[in-house]
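Observations on chain architecture
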Amino acid sequence: MISFKKLYIFSYLRLQQEVPVEAKIVSLQPKQNIMLRYILLYLLIVSGGMIYATDLRPAIQYFIENKPEGSRYEVDREFMYSSQVMPRFYTGRGFRPAWIEGEALSKNGLEMLNYIRRMDEHGLRPQDYHLQLIEKYVAGLISFKTPDEQKLVHLDILLTDAFLLLGSQMYFGKVDPHKEGADWKIQRKEPGLKLDVKLERALYNNNVAMVLDSLQPRQASYKVLKQKLAFLRSLGENDWPVLRLSGSLKPGGAETVVIDIRRRLKQLGYPITDTMSDVYDNDLERYVKVFQYERGLGADGVIGKGTLAALNRKPEELADDVRVNMERLRWLPINKPERFILVNIANFELDLLDRDDTIINMRAIVGKEYRKTPVFNRQMTYLVFSPTWTVPPTILRNDVIPELLKGPDYLKQKNMVLLRADGSEVAWADVDWSKVSKRNFPFTVRQNPGPDNALGRVKFMFPNEYNVYIHDTPTKGLFSKEGRAFSSGCVRVEQPFELAQLLLTDMPDWTSERIREAMNRDKEQRVNLKSPIDVVLIYLTAWSDGNNRVHFRNDIYKRDEMVLQALNQKPTRRQIR
């Protein structure tokens, strides 16, 4: 069979240099061009459109079946990541090569190579998918020397392993969410991905890129973050000098730094008027407020320390934030509930969502840094109006017992009672406090319903192993703070009455008046929801809103760095599913 290798050079150069194939062919001498057409026609006639070279099946079978037990597949001292799916794939196709036609890469092979080259668009590292070794072998194919059988087999194996690893990471994520994800307990995708079947179909249909694209997260936020990542990387080539202010700058003021602030916002993509004025005018104020809103700052237009610090964050730092949160989106289930409550811990807000519509949005208070609100999802099944509050062990030991040891006043002030193990109440005076300590405290402390109850007037229950729930609070003033990490792990909400109303809309007996009455009783009342609702407590420090604008938040629990470090490391050995 005539060698067809040279014809693939044009396709390869097109991917590398973005030069049209037609331009390469036209540049040939007329006789060469005619001869090239005859060769193409001849090969299409005698081979039915396929181009065959040496039969690689025996060599591929030998590679697959002769791996020492307990070892990993290896090419040029580089380990492969698939030990089960890859042999199943090749066995299922009779050990035919997947990516080689003739003595060169097929169209699918070229498409796969180009996809690997662009994996940094997804915040992942192209080198993780054997790119350097693949490039080396491909370069050998266009050297006009006859490639040996082993090199063709190795190239095919490398591309298959790259597809399997890349597909797995696009779907499940690269980073282990239970480890570097800091105990991420949101329900994950089903493990039965069947990448070998997907690869076979992709090869048959010549749509490798389309199949890989289908494995990326379906959330609209992922696409927007991907675009934002490309934009931020384009800014990395620009100077990013530190902006400085001696104090706060209010609208109407004038300082030379205003020119730099205006330029900085324009670099970040805000359509601000391009002017050299040093006056903080209305146009600048408008976009400063938008910037503050998108960074979780008080959108008052005053440029203080917080706003200046956000303006000084370098594009590469923001790009890292985007990469980390694109990875978190890869951890999420493929389908979201139609109606659910979403709490973004890093954003200090709760949303009730119905499909893509936000029914209500409210400020929330989440756990302190040392009493973090966990990341998980459960189903809310009931509400408790006028709840009692049983003091949890940590708060009891650290906060309550020391006060009880001082005298009985604390119980009265806090509307609390002491309970024995059998649930009966015991008076403070009937306890021998000389025998009581933090380690020896045989009682439960419960706070009765009332205006000062720690849970406020209602709690929203989605039973879980963390004993975390959503509830009202008597300390409303904390909602005015920008950073609202003040709780002991539970989520406090600013509009509990409105949330209760919305959750009980399918129960007509629960009118607004009845809800208010239930919230102001001296005895708690449980109400089972007719329609239980999913609750998702998530941790995102970058995401997009319904207007395709990307928001950034501070990493209050210092979790981003762990994920980023894992993203920047070589993949560990893993089971490709």
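Quick notes on the rules
- Residues numbered from 1 in each chain as written.
- Predicted model: local features only at pLDDT ≥ 70, side-chain atom pairs only at ≥ 80, totals over all residues.
- Heavy atoms only, no water.
- Core = buried A, V, L, I, M, F, W, Y, C linked by side-chain atoms within 4.5 Å.
- Buried < 20%, exposed > 50% of the residue type's maximum accessible area, 1.4 Å probe, protein only.
- Helix = DSSP H or I, 4+ residues; strand = E, 2+ residues; numbered from the N terminus.
- 1 Å grid on protein atoms, 1.4 Å probe; cavity = no way out; pocket = protein on both sides within 12 Å on 5 of 7 lines; lining within 4 Å.
- Points joined across faces, edges and corners; volume = space filled by probe spheres on them.
- Nonpolar A, V, L, I, M, F, W, Y, C, P; charged D, E, K, R; others polar.

With 116 residues, the main nonpolar core has Trp 99, Leu 105, Met 112 and Phe 163 as its most contacted residues. The biggest single contributor to this core is helix α8 (residues 149–172), with 14 residues. If you look at the next biggest cluster of nonpolar residues, it comprises 57 residues, including Phe 443, Leu 455, Ala 500 and Ile 515.

Even without being a glycine, Asn 206 presents a positive backbone phi close to 55 degrees. Along the chain, Asn 206 falls in the loop between α9 (195–205) and α10 (208–213). Given a relative accessible area of 41%, Asn 206 falls into the partly exposed group. You will see that Phe 348, though not glycine, has its phi angle at about 55 degrees, which is positive. Counting through the fold element by element, Phe 348 comes out in the loop between β6 (339–344) and β7 (349–354). Since its relative accessible area comes to 8%, Phe 348 is described here as buried.

This next bit is on the environment of Glu 237. Note that Glu 237 resides in the loop between α11 (220–235) and α12 (257–267). With a relative accessible area of 72%, Glu 237 lands in the exposed category. Considered as a pair, Glu 237 and Pro 315 are 78 residues apart in the sequence and their alpha carbons are 9.4 Å apart.

Next up on the list: empty space enclosed by the protein. Scanning the model with the defined rule gives two cavities of 30 Å³ or more in all. In terms of lining, the second largest cavity is formed by Lys 228, Leu 268, Tyr 270, Phe 291, Glu 294, Arg 295, Val 550 and Phe 552. Secondary-structure elements contributing two or more residues to the lining of the second largest cavity are α13 (282–294) and β20 (550–552). A class-by-class count of the residues in the lining of the second largest cavity yields five nonpolar, no polar and three charged.

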